[in-house]
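Descriptive analysis of the structure
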Amino acid sequence: MIRSVESAPHMSAPVLAAYSYCEAVTGQQARNFAYGIRLLPTPKRRAMSALYAFSRRVDDIGDGTLPTEVKSARLEDTRALLTRVREGKVEEDDTDPVAVALAHTAEAFPVPLDGLDELIDGVLLDVRGETYETWDDLKVYCRCVAGAIGRLSLGVFGTEPGARGVERASEYADTLGLALQLTNILRDVREDAETGRTYLPADDLAKFGCSAGFNGSTPPEGSDFAGLVHFEVRRARTLFAEGYRLLPMLDRRSGACVAAMAGIYRRLLDRIEREPEAVLRGRVSLPGREKAYVAVRGLSGLDARHVARSTLRRRT
């Protein structure tokens, strides 16, 4: 569980209450995310919770059971709220705590709020039941729902003065978001199928004989399901390797946060690779002690130092 928001003399009671609400939402509904952001200093942790709470609201609309037209209308209402935040029209005593916290975050950090518009666009694709023929098609969706969150997070983290290659930080944050989302897609193959959703590219499914989909606890008859999973795992690992180049550009605690979240998903990827069919039987997850180990490793800076050494070797 994330620590409560500490009081600050320059922050009003309504804003503190709004952040407390967002932290409660994050702690209850985002276990992997929560392990990462608990490593941040209070202002950044609050800001990340506000971003998460707004994103969670968007996702919940898309994942709900309402009719398509109602979902679309509610997503556009949420976009209108985002416009109010962007235009500075949310007062501290507004009755929506997520809006209050997000408005304060947008004032305190250079977060590109257009990224939340992209998230809404991505969830609208879900609502319409979009499928993806190729990896290039799927990348567009992943950039909306995850790459944009990476760029928003970078607005909170900031970059270290004088860091090498910092002009590509946004690109690396976006790529790391893609890696996390592809891992999510592999983990949730069965769960998504049960709601009528297919995210893996159609040409990949066809290549491995999996076009029939995943409606049971065993792979489609005659398919090479393990081959499909291993193919996507390799793709995700390539994305992680590129995205991890962001780490040396961040301060110690922001880098630890990113390393912890990404490290948890990389370990999920390891488990999926070892036992591909496990994703058809239920959600693959890590025990709390393993997540804690990943968080400690991130805080130690081991991953950031490893990436920095690897990048230096490539340059020399």
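Quick caveat: nothing in here was measured; it's all calculated off a predicted structure.

Notes on the overall build of the chain
A tally of regular secondary structure across the chain gives 14 helices and zero strands. Taken from N to C terminus, the helices and strands of the chain fall in the order α-α-α-α-α-α-α-α-α-α-α-α-α-α. Across the 316 residues of the chain, 53% fall into the buried class. Pairs at least 24 apart in sequence give 73% of the contacts found in the chain among residues at least 6 apart.

Notes on the packing of aromatic side chains
Under the definition given, this model contains five aromatic pairs. Both rings, one in Phe-214 and one in Phe-225, keep their centres 5.4 Å apart while their planes meet at 65°; by these two values the pair is edge-to-face. You can see Phe-214 sitting in the loop between helix H10 (202-207) and helix H11 (225-243) and its partner Phe-225 sitting in helix H11, a full eleven residues away along the chain. No difference in accessibility class separates Phe-214 from Phe-225, as the two residues are buried. Centroid distance Phe-240 to Tyr-244: 6.3 Å. Interplanar angle 80°. Geometry classified as edge-to-face. By relative accessible area, which is 2% here, Phe-240 ends up buried. Judged by its relative accessible area of 5%, Tyr-244 falls in the buried class.

Here we look at the nonpolar core
Of all hydrophobic cores here, the largest spans 99 residues; its most connected members are Leu-116 and Phe-214. Residues in contact with Phe-214, not counting those within four places in the same chain, are Val-189, Arg-190, Ala-193, Leu-205, Pro-220, Phe-225, Leu-228 and Leu-280.

Side note on the side chain of Thr-78
Looking at the element boundaries, Thr-78 is found in helix H4 (residues 68-86). Only 2.8 Å separates the side chain of Thr-78 from the backbone oxygen of Arg-74, close enough to count as a polar contact. When sequence neighbours within four positions are dropped, the list of residues in contact with Thr-78 reads Phe-54, Val-58, Ile-61 and Ile-120.

Some details on the packing of helix H8 (residues 169-187) against H11
At their nearest, the axes of H8 and H11 sit 8 Å apart, and the two run at 155° to each other. Classified by the angle between their axes, H8 and H11 sit roughly antiparallel to one another. Like other packed secondary-structure pairs, H8 and H11 cross with a definite hand, here left-handed. On H11, the residues touching Glu-171, Tyr-172, Thr-175, Leu-176, Leu-178, Ala-179, Leu-180, Leu-182, Thr-183 and Leu-186 of H8 are Glu-232, Val-233, Arg-235, Ala-236, Leu-239, Phe-240, Glu-242 and Gly-243. Residue composition of the contact of H8 with H11, grouped by class: eleven nonpolar, three polar and four charged.

Remarks on the confidence of the model for the chain
For the chain, the mean per-residue pLDDT works out to 89, and 90% of the residues sit at or above 70. Across residues 1-9, confidence stays below pLDDT 50; counting only partners more than four residues off in sequence or on other chains, it has 28 contacts.

A word on the environment of Ile-120
Positionally, Ile-120 belongs in helix H6 (residues 114-127). The exposure class of Ile-120 is buried, given its relative accessible area of 0%. The spatial distance from the C-alpha of Ile-120 to the C-alpha of Val-58 is 6.5 Å, given a sequence separation of 62 residues.

Calculation criteria
Residues numbered from 1 in each chain as written. Predicted model: local features only at pLDDT ≥ 70, side-chain atom pairs only at ≥ 80, totals over all residues. Heavy atoms only, no water. Helix = DSSP H or I, 4+ residues; strand = E, 2+ residues; numbered from the N terminus. Buried < 20%, exposed > 50% of the residue type's maximum accessible area, 1.4 Å probe, protein only. Contact = heavy atoms within 4.5 Å. Phe/Tyr/Trp six-rings, centres within 6.5 Å; stacked < 30°, edge-to-face > 60°. Core = buried A, V, L, I, M, F, W, Y, C linked by side-chain atoms within 4.5 Å. Polar contact = N/O pair within 3.5 Å; in protein donor to acceptor, adjacent residues only side chain to side chain. Axes fitted to C-alpha atoms, helices over the stretch in contact; angles between N-to-C directions. Parallel < 35°, antiparallel > 145°, perpendicular 65-115°, else oblique. Left-handed = near helix turned anticlockwise from the far one by under 90°. Nonpolar A, V, L, I, M, F, W, Y, C, P; charged D, E, K, R; others polar. pLDDT = per-residue confidence, 0-100.

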